[in-house]
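Here is what each chain is made of, one letter per residue.
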Amino acid sequence: MKQFISILGLSAIICCFAIGCKQTENKELTTSEHPKDTSTVITYDTASIPPGPEREFILYGRELFVNTHTYLGPKGTVKQIAGNEMDCQNCHFDGGTRPFGNPLVTTAGRYPQYRGREGTVLTIQDRVNNCFERPLLGKHLDFDSKEMKAFAMYFKWIWDKNNNVLKIKGDLPNTLPWMDRKADWKQGKIDYDNFCARCHGIDGQGVKLPSGYGYTYPPVWGEHSYAIGSSMHRVGKLAAFIRNNMPNDMNVTHIRVTEEQAYDIAAYINNETVNSRPNFNEENIMYPNSKDKAVDYPFPPYADTFSQEQHRFGPFKPIVEYWKGRK
Ligand code: HEC
Ligand code: HEC
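Bringing the overall build of the chain into the picture now. Looking only at helices and strands, one finds 14 helices and 4 strands in the chain. Out of the 327 residues belonging to the chain, those deemed buried represent 50%. Sequence-distant contacts, at least 24 apart, represent 63% of the contacts inside the chain between residues at least 6 apart. Here the chain displays about 15,600 Å² of accessible surface, and carbon together with sulfur accounts for 57% of that area.

Right, dumping it as structure tokens:
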């Protein structure tokens, strides 16, 4: 085993020379700290669903979630709802069941829910449409469509499978401790090129499936990526997602980015002045009540005196401190 680890170490060093990386952390992760640890995951075995119409809906919902572009993308065979070719699963891993991978296992138990971004109570159907609208640059699915029913029944099923327990390991919200310093997008570019570009591309445009429709590696910026105002467009949210999930093969190579690298990379990806991003429509700039605004929401108006620059890249701790006890 020792030999195996040192071979890995050596190949990482060689690889560093080859790609010219600056500060690759080659850390051996123990099972318990590993974000892809599956030891506590329950099995979502669709074979266990009894035959009948309910089963058909659940399976259809899962299929729409995993292969969204096939059915509901710009060339979707059912309806053309999404404006890009991404799948729900690109950000909610393993059909929305993977701990730390933006799981939706407890979602059915938490909606309807008040959401600050919209300033109103949302149903689970509204929330599905939110993700169609912003990350997927799309239109809304009709509430009474077969597809919306299928999504809702799929979420209900994974919630039931989890015995309706409200907290699971690695559940939403995906968070990371706030970093003391401001995120450095220039360092983020260096780290992105080292850790991420081999799949998502130096230009961030990802890699299409061999068919030319849909993605092997989804885009992280540009006109086919998530829109400004998406949750992923917040540096804190994206940093947590990166730290916990990317590079996608980190459980194989054992190379994981540090928290600081995750913040810097998130700042680079989300800096829309260097990497453009769809501005879906002006209503994206939401939060009718500015007091509800997330500290890392990148657009004013703000109900505090911190600059837009600080809300975009940090340091976030002073803003968090300011709002303690005021909301
Ligand atoms: C670009 C990434 C991305 C894509 C693609 C995406 N989502 Fe999301 N989604 C997110 C993020 C980020 C959140 C918020 C997570 C948090 O609160 O920490 C979220 C939240 C949600 C929630 C609310 C979860 C909860 O419990 O509050 C639902 C439901 C949801 N997404 C459904 C979908 C569906 C359905 C699709 C496909 C049509 C989709 N998402 C595509 C990133 C994405
Ligand atoms: C080995 C290939 C690989 C590497 C390296 C990699 N990713 Fe990914 N990434 C993926 C795949 C594949 C998905 C979609 C996963 C799925 O659909 O199950 C993804 C999804 C994403 C997403 C959400 C979807 C989107 O496009 O918005 C983001 C953001 C992301 N990666 C950022 C990064 C960052 C930042 C790094 C570097 C720290 C990185 N990735 C490294 C393969 C990779």
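On we go.
Let us look at the coordination of the iron atom of ligand 2. At 2.0 to 2.3 Å from the iron atom of ligand 2 lie its protein donor atoms, namely His200 (NE2) and Met246 (SD). Residue histidine 200 is classed as buried on the basis of its relative accessible area, which comes to 12%. Judged by its relative accessible area of 15%, methionine 246 is buried.

A few words now on the coordination of the iron atom of ligand 1. Every protein donor of the iron atom of ligand 1 is listed here as His92 (NE2) and Cys131 (SG), and their distances to the metal cover 2.1 to 2.3 Å. Metal-centred angles of 87 to 179° between the 6 donor atoms at the iron atom of ligand 1 mark the site as octahedral. Here the residue histidine 92 occupies a position in the loop between helix H3 (68–72) and helix H4 (93–96), and cysteine 131 occupies one in helix H6 (residues 124–133), the gap between them amounting to 39 residues. By relative accessible area, which is 14% here, histidine 92 ends up buried.

Further remarks concern the packing of helix H8 (residues 185–195) against helix H12 (residues 259–270). Between H8 and H12, the shortest axis-to-axis distance is 7 Å and the interhelical angle comes to 100°. Considering the angle they form, H8 stands roughly perpendicular to H12. Facing H8, whose interface residues are Trp185, Gln187, Gly188, Lys189, Asp191, Tyr192 and Phe195, H12 presents Gln261, Asp264, Ile265, Ala267, Tyr268 and Ile269.

Contacts to ligand 2 come from 27 residues, most closely from Cys196, Cys199, His200, Pro219 and Met246. When each cavity is represented as a set of grid points, ligand 2 is found to reside in the second largest pocket. When contributions to the shell around ligand 2 are tallied by element, the ones reaching two or more residues are helix H9 (197–200), strand S4 (215–217), helix H10 (235–245) and H12. When its residues are assigned to classes, the shell around ligand 2 shows 20 nonpolar, 5 polar and 2 charged. Counting contributing residues, the shell around ligand 2 receives three or more from each of domain 1 (46–161) and domain 2 (173–323).

Inspection of the secondary structure puts glutamate 133 in helix H6. Sequence separation between glutamate 133 and isoleucine 81 is 52 residues, and the spatial gap between their C-alpha atoms is 9.0 Å.

This brings us to the environment of lysine 186. Counting through the fold element by element, lysine 186 comes out in helix H8. Taking relative accessible area as the criterion, lysine 186 reaches 57% and is therefore assigned exposed. Here the alpha-carbon distance between lysine 186 and aspartate 264, two residues 78 residues apart in the chain, equals 7.7 Å.

In the segment running from tyrosine 111 into proline 112, the intervening peptide bond is cis, with an omega of 0°. Mapped onto the elements, proline 112 comes out in the loop between helix H5 (107–110) and strand S1 (113–115). The step from leucine 172 to proline 173 runs through a cis peptide bond, and the omega angle for that step is -5°. Within the secondary structure, proline 173 is located in the loop between helix H7 (146–161) and H8. In this structure, phenylalanine 100 is a non-glycine residue whose phi angle is positive, near 70°. Of note, phenylalanine 100 is situated in the loop between H4 and H5. Judged by relative accessible area, phenylalanine 100 falls into the partly exposed class, the value being 23%.

Conventions used here
- Residues numbered from 1 in each chain as written.
- Chains lettered and ligands numbered in written order.
- Predicted model: local features only at pLDDT ≥ 70, side-chain atom pairs only at ≥ 80, totals over all residues.
- Heavy atoms only, no water.
- Helix = DSSP H or I, 4+ residues; strand = E, 2+ residues; numbered from the N terminus.
- Buried < 20%, exposed > 50% of the residue type's maximum accessible area, 1.4 Å probe, protein only.
- Contact = heavy atoms within 4.5 Å.
- Areas by Shrake-Rupley, 256 points an atom, 1.4 Å probe, with all protein chains shown as cover.
- Donors = N, O, S within 2.8 Å, 3.2 Å for Na, K, Ca; no water.
- Tetrahedral: all angles 85-135°; square planar, octahedral: opposite > 155°, others 65-115°.
- Axes fitted to C-alpha atoms, helices over the stretch in contact; angles between N-to-C directions.
- Parallel < 35°, antiparallel > 145°, perpendicular 65-115°, else oblique.
- Near = heavy atom within 4 Å.
- 1 Å grid on protein atoms, 1.4 Å probe; cavity = no way out; pocket = protein on both sides within 12 Å on 5 of 7 lines; lining within 4 Å.
- Sits in = over half its atoms within 2 Å of the grid points.
- Nonpolar A, V, L, I, M, F, W, Y, C, P; charged D, E, K, R; others polar.
- Domains from an automatic or database assignment.

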